[in-house]
Structures are given as structure tokens and as C-alpha cells.
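# Results of the structural survey
Each chain is listed here by its residues.
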Amino acid sequence: MNPAVRRNADRLSSRRPYPKDGPADGFTRIPPQHGAAVELAPGDVLTLVDPLGEQVSDLYLVRVDEPADHFSVGRTIDVGNTLYPSVGSILYSGRSVALAEIVTDTVGVHDLTLTPCSQQTFDLLYPDLGGAPHRSCFANLVAALEPHGVAPDTIGGTMNVFMDVWTDADGELHIDPPPTAPGDCLELRILEPVIAGITACSAEKSNNGTCTPIDYRVTRAAGY
Ligand SMILES: [Zn+2]
């Protein structure tokens, strides 16, 4: 079992009620296996909600003013000194610019180690699929971010929100279903102008067999 799940047991029991039949007021729904992009300014708050439970959302941030500089899992792990960012953790860019701070987190379990799922992920890891076309977070991030001038090859490691990945004593990686229930959320306060790419992950295996939606809301900073 992921030690971060055990450590966050109290947090996991403090879930909020969330509507069953559609996004809550002010939220936008990303359909299963799709993605979205939204431009954010400093002071904005981005809220990601898992409306049905057990669903991963890949998040990628690219600086508006310096598009070559984008979210870095390595810098975020280095500075935060943790593989499991939560409230107070800062998401950094490759140039170590602070992009966003986690201000609310009802889960405490998010992955920084795995890349967004891609067609090649399914081809290499799931040969049973026979190379059949499969929707993916990478393709959805490309589709969402390309209109904002983000080149596909610059999309690297994402923050895999709600994803439960852990390493056992032998160093083997394990992917467990997200420990989320309907309404679990992560909130980020934006510190730098960014384009955020957000997905409802397409990999059945990462989402306990069923791909479901992700809801998001942007609360704009006063005066923006
Ligand atoms: Zn995915």
C-alpha cells in the first residue's frame, strides 16, 4: 500500500458532498478521455475535482511569457523534497520559477513520476491491445495546448493528480486505483501567467478499469 495513502487517511475521510448528475455550479466538465486548456493569471485559483471517484487528471503548465519554460517534475521534487506534493507544495518550472502553490487538497496522493499516457504507452505496455488506436493524455494535451503555441515535443512529465503510484522495498512500481471519492479536489493558487493543460486520463488501468470525467473551475483574481 502507498504510504502516502496511509498517511493521508484522515484527509481522505474529510470529503465534501458533490452533485451526482453534472458539474457543480461554476465548474466545467472534461468528458472521459478528453482534455482542456485554460489561461491563468497570478492570483487565480484552479480547482480540479474528481466528480465520480477513482479518476486521474494529468496537469501540465506552460509559462505564457516564456513558452520554452514549463512545469518540471524534477525541480518540483527537488525543491519540495517529496514525491507526494500537497498543501503548501510549489510546482516549479525547468528554470525553477514558482508556477503554482497547492492550497487545498482533500487527497494528498498525486504522482510526479510517470509521463502522460500516450499511444506508445499502450503499444509498449499493453501488447494485448494489438496497437489499436487508443485515446491518451498526451494526445489530449497536444490538442489542447497546440493552439496556444505549445509544441508537442515540449510536453514532458505531468503532475498526475489523484494518481496512486508507489514503490515497494524492491524498487518495483505499483499503480493502484486513485483513492478518491466523488467530490475530492485539488486547488492551486497560480503564481505566474501560465497555460494549464488538464486531462481526464484515458488509461483504464490507472483508473480502476473505467475512465470518467474531471471537473475544473477557475476563480479569477480580483481585478483580473
Ligand atoms: Zn492518462
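Structural notes, computed from the coordinates. (Residues numbered from 1 in each chain as written. Predicted model: local features only at pLDDT ≥ 70, side-chain atom pairs only at ≥ 80, totals over all residues.)

All right, on to the pairing of strand 10 (residues 184–190) then. Counting buried residues along strand 10, five of its seven residues qualify, which places the element largely inside the surrounding structure. As paired elements, strand 3 (residues 45–50) and strand 10 share six bridges and run antiparallel to each other. Along strand 10, the bridge assignment pairs valine 49 with cysteine 185. Judged from the five bridges that link them, strand 6 (residues 98–105) and strand 10 form a sheet pairing that is antiparallel. Bridging across to strand 10, alanine 100 finds its partner in isoleucine 190. (Buried ≥ 20, exposed ≤ 12 C-beta atoms within 10 Å, placed from the backbone. Helix = DSSP H or I, 4+ residues; strand = E, 2+ residues; numbered from the N terminus. Pairing = 2+ DSSP bridges.)

Let us now look at the pairing of strand 9 (residues 173–176). Summarising the sheet, strand 8 (residues 164–167) and strand 9 pair through four bridges and their orientation is antiparallel. Directly across from tryptophan 166, in strand 9, lies its bridge partner histidine 174. The turn linking strand 8 back onto strand 9 is made up of five residues, and glycine 171 within it adopts a positive phi angle of 85°.

Now for the sheet that holds strand 3. Here six strands make up an open sheet; going across it, the order is 1-12-3-10-6-5 and the pairing antiparallel. Each having just a single partner strand, strand 1 (28–30) and strand 5 (90–92) make up the two edges of the open sheet. Direction aside, neighbouring strands of the sheet carry axes that sit 25° apart on average. The pairing of strand 3 with strand 12 (residues 214–219) spans five bridges and is antiparallel. Bridged to leucine 48 within strand 12 is tyrosine 216. (Axes fitted to C-alpha atoms, helices over the stretch in contact; angles between N-to-C directions.)

Moving on, we get to helix 5 (residues 137–145). Because an α-helix completes one turn every 3.6 residues, residues spaced three or four positions apart along the sequence face the same direction. Burial within helix 5 is extensive, with seven of its nine residues counted as buried. Looking only at helix 5, the buried set comprises Cys137, Phe138, Ala139, Asn140, Leu141, Ala144 and Leu145. Looking at the buried positions of helix 5, the neighbouring elements they touch are strand 2 (35–40), strand 4 (57–63), helix 4 (119–125) and strand 11 (194–199). (Contact = placed C-beta atoms within 7 Å.)

Moving on, we come to the sheet that holds strand 2. Spatially, four strands are ordered 2-11-4-7 in an open sheet, and the strand pairing comes out antiparallel. Unpaired on one side and paired on the other, strand 2 and strand 7 (159–161) mark the two borders of the sheet. The sheet shows a mean angle of 25° between the axes of neighbouring strands, taken without regard to direction. By the bridge criterion, six bridges tie strand 2 to strand 11 in an arrangement that is antiparallel.

Our focus in this paragraph is the environment of threonine 121. If you trace the backbone, threonine 121 turns up in helix 4. Among the residues examined, threonine 121 registers 19 C-beta atoms within 10 Å and is labelled partly exposed. C-alpha separation for the pair threonine 121 and alanine 203, spaced 82 residues apart in sequence, amounts to 9.3 Å.

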